[in-house]
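Examination of the molecular architecture
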Amino acid sequence: MVNNDEDDYLMLSGIQHFQFCKRQWALIHIEQQWVENVKTIEGQHLHRHADKPFTREKRGDKLVVRSMSVKSRDLKITGVCDVVEFIQDPCGVEINGAEGKYLAYPIEYKRGKPKTDESDILQLAAQAICLEEMLLCEIDTGFIFYNEIKHRVEVPLTPEIKKKVQKIIAEMYDYYGRNHTPRVKTGSFCNNCSLQQICMPALMNKKTVRSYIEGAIKE
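Reading the values: rules and limits
- Residues numbered from 1 in each chain as written.
- Predicted model: local features only at pLDDT ≥ 70, side-chain atom pairs only at ≥ 80, totals over all residues.
- Heavy atoms only, no water.
- Helix = DSSP H or I, 4+ residues; strand = E, 2+ residues; numbered from the N terminus.
- Buried < 20%, exposed > 50% of the residue type's maximum accessible area, 1.4 Å probe, protein only.
- Contact = heavy atoms within 4.5 Å.
- Expected span 1.5 Å × (residues − 1).
- Axes fitted to C-alpha atoms, helices over the stretch in contact; angles between N-to-C directions.
- Parallel < 35°, antiparallel > 145°, perpendicular 65-115°, else oblique.
- Left-handed = near helix turned anticlockwise from the far one by under 90°.
- Nonpolar A, V, L, I, M, F, W, Y, C, P; charged D, E, K, R; others polar.
- Salt bridge = Lys/Arg side-chain N within 4 Å of Asp/Glu carboxyl O.

Regarding the environment of I30
By the element assignment, I30 lies in the loop between helix 2 (22-29) and helix 3 (38-50). On the basis of relative accessible area, I30 is assigned to the buried category, the value being 14%. Considered as a pair, I30 and N179 are 149 residues apart in the sequence and their alpha carbons are 6.6 Å apart. Sequence-distant contacts of I30, that is, excluding residues within four places in its chain, are made with W25, Y175, Y176, N179 and H180.

Considering helix 4 (residues 119-135)
If you check helix 4, its first and last C-alpha atoms are 24 Å apart, about what 17 residues at 1.5 Å a residue would give, namely 24 Å. Across the 17 residues of helix 4, 13 count as buried, placing the element largely inside the fold.

Focus: the packing of helix 2 against helix 5 (residues 159-178)
Packed helices, taken two at a time, are described by the angle between their axes plus the distance between the axes. Contact geometry for helix 2 and helix 5: axes closest at 11 Å, N-to-C directions at 55°. By the angle between their axes, helix 2 is oblique relative to helix 5. Where helix 2 crosses over helix 5, the handedness of that crossing is right-handed. Of the residues in helix 5, those in contact with K22, W25 and H29 of helix 2 are E171, M172, Y175 and Y176. Here the contact of helix 2 with helix 5 is composed, by residue class, of four nonpolar, one polar and two charged.

Observations concerning the pattern of salt bridges
A side chain with one charge may pair with a side chain of the opposite charge, provided their charged atoms come close. Throughout the structure, instances matching the rule amount to nine salt bridges. For the salt bridge of K22 with E171, the shortest nitrogen-to-oxygen distance reads 2.6 Å. One end of the pair, K22, is in helix 2; the other, E171, is in helix 5, and 149 residues separate them in sequence. By relative accessible area, which is 27% here, E171 ends up partly exposed.

Here's what the structure looks like:
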């Protein structure tokens, strides 16, 4: 039997953690460990300006919804879109409480600048997949606002990127189902991780946790 209990759904935001470092994702989403650093605090400050739960604002032919909860029963993920803009268009879909039809565009807010990897794009694509399922529509475009450059970047949400999201979520569920935290793989990205003191990448890269504990006991 398929489990559709939303309490067991994985967090959509975990996709970015998983792309950054699978071990970091597991420490946060499986072991429930979290440590604040400057970057996470700055990110929360930025999101407070975008996230105003349950607010809808009408601007001409545009309906702006902030902090919109989304989910996908197919992928069993849940999360929150920073902003979803609904633009009135006869080819769109009906929105509860609004006259006319609208096209939906998810918008994500990020503290830094565009990344060299696809982590931000994959997170946005996951939001689009949730919205497509909830609204029974197709979404082929989204936007990411980067605070460092003060600019909104248009993002094509192609079938290929959505298939990649599905594959990543399946892999996340594999780790989650086995309650498995991967071993550390060190890199320059470790310097930007808020979980360095928990993960101990330099130490764990040289010896296993078991050998470390055994050595500490002997001392």
